[in-house]
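# Architecture and fold: a report
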Amino acid sequence: MQTARMPLHIESNNIMLDLETMGTDSDAAIIAIGAVRFDRSVTDSFYQVVDLQSSLDAGLTMSADSILWWLKQGDEARQAITVKGVSLRSALLNFKKWAGKDALIWGNGATFDNVILANAYDKSKVERPWHYSANRCYRTLKSFYPNVEFQHVGVAHNALDDAQSQAVHLLKILKCMSGAQ
């Protein structure tokens, strides 16, 4: 039996999203938004540190486990989120403007990045820049191709570096899916 190969077709407004948060629930407080736009390569990026208090003021939450987890991370990752951030609302509006229309939003887990960001938009009463049907799950695809090598770029747990690393890995997976070498 011959296996059918999927053609390598990447639409032009794919966005890999990565959030740094103070929790793992769907209402987690956001402290950084990182994203990259990609087609056959990474073409553009977005990074915004978010003021933690503004996330809490919007009704998002923190967990003790996440605070303890952040305390164990490297200095570079922690320093990136302790700089003065913009309000959550400003970050959401900036991301919306950057993402544009008809974006496909890829997140690392069907119930993490996209859901948390969508909840932040809802709580802030800002319209989301993507349609619910444009959610994509990077974690699901990578589970089907565990042998495709992942190479991290930059600092682990920096939202922009993580988004770029994930997008590059996803492109390798899609290339493998298409049978291209």
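Residues numbered from 1 in each chain as written. Predicted model: local features only at pLDDT ≥ 70, side-chain atom pairs only at ≥ 80, totals over all residues. Heavy atoms only, no water.

## Quick word on the pairing of strand S1 (residues 14-21)
- Taken across its 8 residues, S1 has 8 buried, putting it largely inside the fold.
- Across the two faces of S1 the burial is the same, with Asn14, Met16, Asp18 and Glu20 and Ile15, Leu17, Leu19 and Thr21 all buried.
- With 8 bridges joining them, S1 and strand S2 (residues 30-38) adopt antiparallel strand pairing. Opposite Leu19, over in S2, you have Ile33 as the bridge partner.
- In the sheet, S1 pairs with strand S4 (residues 104-107) via 3 bridges, with the strands oriented parallel. Each residue of the ladder has a partner; that of Ile15, found in S4, is Ile105. (Buried < 20%, exposed > 50% of the residue type's maximum accessible area, 1.4 Å probe, protein only. Helix = DSSP H or I, 4+ residues; strand = E, 2+ residues; numbered from the N terminus. Pairing = 2+ DSSP bridges.)

## Considerations on the nonpolar core
- One finds Met16, Ile30, Ile33, Phe95 and Leu117 to be the most contacted residues of the largest nonpolar core, which totals 51 residues.
- When residues of this core are traced back to their parent elements, those giving at least two are S1, S2, helix H3 (75-81), helix H4 (88-99), S4, helix H5 (113-123), helix H6 (138-144) and helix H7 (159-178).
- Residue contributions to this core peak at 8 residues, all from H7. (Core = buried A, V, L, I, M, F, W, Y, C linked by side-chain atoms within 4.5 Å.)

## Some remarks on the packing of H4 against H5
- Running from N to C, H4 and H5 point in directions that differ by 115°, and their axes come no closer than 10 Å. Between H4 and H5, the angle falls in the class roughly perpendicular. By crossing handedness, the relation of H4 to H5 is classed as left-handed. Of H5, the residues touching H4 (which contributes Leu88, Leu92, Phe95 and Lys96) are Leu117, Ala120 and Tyr121.
- Of the residues that constitute the contact of H4 with H5, the class distribution is 6 nonpolar, no polar and 1 charged. (Axes fitted to C-alpha atoms, helices over the stretch in contact; angles between N-to-C directions. Parallel < 35°, antiparallel > 145°, perpendicular 65-115°, else oblique. Left-handed = near helix turned anticlockwise from the far one by under 90°. Contact = heavy atoms within 4.5 Å. Nonpolar A, V, L, I, M, F, W, Y, C, P; charged D, E, K, R; others polar.)

## Some points on the pairing of S2
- For S2, the tally of buried residues reaches 9 of 9 residues, placing the bulk of the element in the interior.
- In this sheet, strand S3 (residues 42-49) lies alongside S2 in antiparallel orientation, the contact comprising 7 bridges. When the bridges of S3 are listed, Phe38 appears paired with Val42.

## Remarks on the side chain of Arg37
- Along the chain, Arg37 falls in strand S2.
- A residue is classified by how much of its surface remains accessible, and Arg37, at 14% relative accessible area, is buried.
- A polar side-chain atom of Arg37 sits 2.5 Å from the main-chain carbonyl oxygen of Trp98.
- Apart from residues no more than four positions distant in its own chain, Arg37 is found in contact with Ser12, Asn13, Asn14, Ile15, Val42, Thr43, Asp44, Trp98 and Ala99. (Polar contact = N/O pair within 3.5 Å; in protein donor to acceptor, adjacent residues only side chain to side chain.)

## Here we look at a nonpolar patch on the surface
- A cluster of nonpolar side chains, contributed by Met62, Ile67, Leu68 and Leu71, occupies part of the molecular surface with about 360 Å² of accessible area.
- If you trace the backbone, Met62 turns up in the loop between helix H1 (52-57) and helix H2 (64-71).
- Among the residues examined, Met62 registers a relative accessible area of 38% and is labelled partly exposed. (Patch = residues over 30% accessible without salt bridge, like charges linked within 9 Å, V, L, I, M, F, W, Y side chains within 5 Å. Areas by Shrake-Rupley, 256 points an atom, 1.4 Å probe, with all protein chains shown as cover. Salt bridge = Lys/Arg side-chain N within 4 Å of Asp/Glu carboxyl O.)

## Let's talk about the packing of aromatic side chains
- Per the stated rule, a full pass over the model turns up 5 aromatic pairs.
- Look at Phe46 and Trp98: their rings are 5.6 Å apart centre to centre, the planes differ by 40°, and that puts the pair in the tilted class. Of the two residues, Phe46 is situated in strand S3 and Trp98 in helix H4; the sequence distance between them amounts to 52 residues. In terms of burial, Phe46 and Trp98 fall into one category: buried.
- Between the aromatic rings of Trp69 and Trp70, the centroid separation amounts to 5.0 Å while the plane-to-plane angle is 85°, which identifies the pairing as edge-to-face. (Phe/Tyr/Trp six-rings, centres within 6.5 Å; stacked < 30°, edge-to-face > 60°.)

The values reported here are purely geometric and, on their own, carry no functional implication.
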